Amino acid sequence: TESQAGGSSPLVFDDWCGWHKDHGSLTALLPGMLCDDEESHGLSSTNVVGEEKGEFHSTKPGLYIETREGELVHANLSPSSLGFQLGETIQIMSRGKFRATPHAVKAPSTAAKRVGRASLAVFLQPEAQQKLPPLTKENVEGLPSAGLDDRFSLEHRWRPTFGAFQKATTETFN
């Protein structure tokens, strides 16, 4: 969203993995683990970190998602769970009924300099020749719409097949 786009906003997580949406259909996630030289720390407890985006001041590391209502949620999975995020292809194919999940990964404080994060994501997507329906206002309703003037927008990257959409997305972000 616009508030996540840049500047000095605390919503910009550019320390590990900044705000984005996966372009495939579905992403399966194993829980993230924080690891240092001596031990691993499971990330637990899901909590809402701000009533409004302007109040966001969480220092907890890990995965964050943005809900449709604009709330940021520290979305940690229990160690024995499996999580899923929807991608842009599901949004296109469902004609907007489902929305891609905006998400980011926040690093621990700079005091924890030798801490890493281990996680596993499996990206599920259609075959390259899978036809994608044209974008309509239902596909992109409620999304910031910069249209064709913004090369990162869904409208700019959409193509009639998944393979062409994937290629356009990869070329755009590289």
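Look up: the structure comes first, before these words.
If you're wondering where the values come from, they're calculated on a predicted model, not measured in any experiment.

*Asks:* Would you mind showing me how to read the pattern of salt bridges here?
*Replies:* Two side chains that carry opposite charge are able to pair once their charged atoms sit near each other. Inspection of the entire model under this criterion finds 2 salt bridges. For R157, the salt bridge is made with E88, and the minimal N-O distance between the two is 2.7 Å. Taken together, the residues span a long stretch of sequence, with R157 in helix α3 (residues 154–157) and E88 in helix α1 (residues 88–93) at a distance of 69 residues. Accessibility expressed as a relative area gives 2% for R157, which makes it buried. A relative accessible area of 7% places E88 in the buried class. Its salt-bridge partner being E171, residue K167 comes within 3.9 Å of it at the nearest N-O pair.

*Asks:* Explain the nonpolar core here, please?
*Replies:* In a soluble, globular protein the nonpolar side chains are often hidden away together inside. Counting residues in each nonpolar core, the largest one holds 6 residues, listed as I92, L132, V140, L154, F162 and F165. Each residue touching L132, except ones within four places of it in the same chain, is listed here: T89, I92, M93, W158, R159, P160, T161, F162 and F165.

*Asks:* Would you explain the environment of Q85 in this entry?
*Replies:* Position of Q85 among the secondary structure elements: in strand β8 (residues 83–86). We classify Q85 as buried; its relative accessible area is 4%. Those residues in contact with Q85 that sit more than four places away from it in its chain are D22, S25, L26, T27, L29, L63, I65, T101 and H103.

*Asks:* Got a minute to help me understand a nonpolar patch on the surface in this structure?
*Replies:* A cluster of nonpolar side chains, namely L30, L82, F84, L120, V122 and L124, defines an oily patch on the protein surface of about 540 Å² accessible area. Relative to the helices and strands, L124 resides in strand β11 (residues 121–124). Overall, L124 belongs to the partly exposed group, its relative accessible area being 39%.

*Asks:* What's the story with the packing of aromatic side chains in this structure? I'm lost.
*Replies:* The description of an aromatic ring pair rests on the distance of the ring centres and on the angle between the ring planes. Under the criterion given, the structure shown has 2 aromatic pairs. On the numbers, 5.0 Å between centres and 40° between planes, the contact of F152 with F173 is tilted. With a gap of 21 residues between them, F152 in the loop between α2 (137–140) and α3 and F173 in helix α4 (residues 162–173) connect regions that are remote in the sequence. Ring geometry for F162 versus F165: centroids 6.4 Å apart, planes at 65°, classification edge-to-face. Pair noted here: F162 and F165 are both in helix α4, with a separation of 3 residues, about one helical turn. Both residues of the pair, F162 and F165, belong to the buried class.

Reading guide: rules and limits
Residues numbered from 1 in each chain as written. Predicted model: local features only at pLDDT ≥ 70, side-chain atom pairs only at ≥ 80, totals over all residues. Heavy atoms only, no water. Salt bridge = Lys/Arg side-chain N within 4 Å of Asp/Glu carboxyl O. Helix = DSSP H or I, 4+ residues; strand = E, 2+ residues; numbered from the N terminus. Buried < 20%, exposed > 50% of the residue type's maximum accessible area, 1.4 Å probe, protein only. Core = buried A, V, L, I, M, F, W, Y, C linked by side-chain atoms within 4.5 Å. Contact = heavy atoms within 4.5 Å. Patch = residues over 30% accessible without salt bridge, like charges linked within 9 Å, V, L, I, M, F, W, Y side chains within 5 Å. Areas by Shrake-Rupley, 256 points an atom, 1.4 Å probe, with all protein chains shown as cover. Phe/Tyr/Trp six-rings, centres within 6.5 Å; stacked < 30°, edge-to-face > 60°.

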